[in-house]
Amino acid sequence: MDVQIEESWKPLLQPEFDKDYFRTLTDFVRQEYRTQTIYPPGRLIFNAFNLCPFSQVKVVIIGQDPYHGPGQAHGLCFSVNDGIPFPPSLVNIFKEIKNDIGTEPPATGNLTRWARQGVLLLNATLTVRAHQAGSHQGHGWETFTDSVIRLLADRKEHLVFILWGAYAQRKGAFIDRSKHLVLTSAHPSPLSAYNGFFGNRHFSKTNEYLKAHGMTEIVW
């Protein structure tokens, strides 16, 4: 199957694209876009990959599924388009950045600037029906994104994997902690942020690790 994705990812992920589950997933997603309102726009399904080539990945943040409100999702986990109000989890992410490294919250919740610095903002499920959280779970996206995480963990060294909440932690359970830095805490959602997300210092810890391994720090 010929999937439109950034060129460095294509040969690495082609074995997944050729599997039966991915063909079934593609049929499902195409039918959903034809008959329902689906986010993000189709051209942005693989935006996380297109903005962050394989060779440039330094940090992986794992989310669950895209925002399901109008104009929010654009293919990067936790990120919203310019001009869209910040969702509660993103508000808390920016609060922790300020508390951790002193950077004031930006004017936009668009995290493209992170992606261009080597942060892969990967949702476990890459599409969702409007106003129906989790509606595209269980159709194959999780199998695909598991294979992406495994590919990164196996083929690269000294990545930082940021796993917020039990779902992301289960998804990254197999990552070799002797080869990569794996940072875990509660999810930034208002339901759990005070149970260990605030004060996790993941942003400074990420930069300390990158610097220690000769890589450029992220401008959060």
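Residues numbered from 1 in each chain as written. Predicted model: local features only at pLDDT ≥ 70, side-chain atom pairs only at ≥ 80, totals over all residues. Heavy atoms only, no water.

**A short note on the packing of aromatic side chains**
Geometrically, a pair of aromatic rings is defined through the distance of the ring centres and the angle of the planes.
1) Next: Within this structure, the stated rule accounts for 21 aromatic pairs.
2) Next: Between Trp-114 and Phe-203, the ring centres sit 6.3 Å apart and the planes meet at 55°, which makes this aromatic pair tilted. Taken together, the positions of Trp-114 in helix H5 (residues 112-115) and Phe-203 in helix H8 (residues 202-212) put the pair 89 residues apart, joining distant regions of the chain. The two residues Trp-114 and Phe-203 agree in class, both being buried.
3) Next: Ring-pair connections join several aromatic residues into one group, and the members of that group are Trp-9, Phe-17, Tyr-21, Phe-22, Phe-46, Phe-49, Phe-54, Trp-141 and Phe-144. (Phe/Tyr/Trp six-rings, centres within 6.5 Å; stacked < 30°, edge-to-face > 60°. Helix = DSSP H or I, 4+ residues; strand = E, 2+ residues; numbered from the N terminus. Buried < 20%, exposed > 50% of the residue type's maximum accessible area, 1.4 Å probe, protein only.)

**Thoughts on the state of the cysteines**
1) Next: The tally for this structure, following the rule as stated, stands at 0 disulfides.
2) Next: Not engaged in a disulfide, the cysteine Cys-52 finds its nearest cysteine sulfur in Cys-77; these two sulfurs lie 11 Å apart.
3) Next: Residue Cys-52 is classed as buried on the basis of its relative accessible area of 0%. (Disulfide = S-S within 2.5 Å.)

**Description of the layout of surface pockets**
1) Next: Volume-wise, the largest pocket comes out at about 460 Å³.
2) Next: As for the largest pocket, its lining consists of 26 residues, of which Gln-64, Asp-65, Pro-66, Tyr-67 and Phe-78 are closest to the centre.
3) Next: Secondary-structure elements contributing two or more residues to the lining of the largest pocket are helix H4 (88-101) and strand E3 (119-123).
4) Next: Taken together, the residues that form the lining of the largest pocket break down as 14 nonpolar, 11 polar and 1 charged.
5) Next: Quantified by volume, the second largest pocket comes out at close to 330 Å³. (1 Å grid on protein atoms, 1.4 Å probe; cavity = no way out; pocket = protein on both sides within 12 Å on 5 of 7 lines; lining within 4 Å. Points joined across faces, edges and corners; volume = space filled by probe spheres on them. Nonpolar A, V, L, I, M, F, W, Y, C, P; charged D, E, K, R; others polar.)

**Brief notes about the packing of helix H1 (residues 10-17) against helix H6 (residues 141-155)**
1) Next: One can describe the packing of H1 onto H6 by two numbers: an axis separation of 11 Å at closest approach and a directional angle of 140°. With respect to each other, H1 and H6 are oriented oblique. Considering how the two elements wind past one another, H1 and H6 form a crossing that is right-handed. Only Phe-144, Ser-147, Val-148, Leu-151 and Arg-155 of H6 make contact with H1, whose side of the interface consists of Leu-12, Leu-13, Glu-16 and Phe-17.
2) Next: Grouping the constituent residues of the contact of H1 with H6 by class yields 6 nonpolar, 1 polar and 2 charged. (Axes fitted to C-alpha atoms, helices over the stretch in contact; angles between N-to-C directions. Parallel < 35°, antiparallel > 145°, perpendicular 65-115°, else oblique. Left-handed = near helix turned anticlockwise from the far one by under 90°. Contact = heavy atoms within 4.5 Å.)

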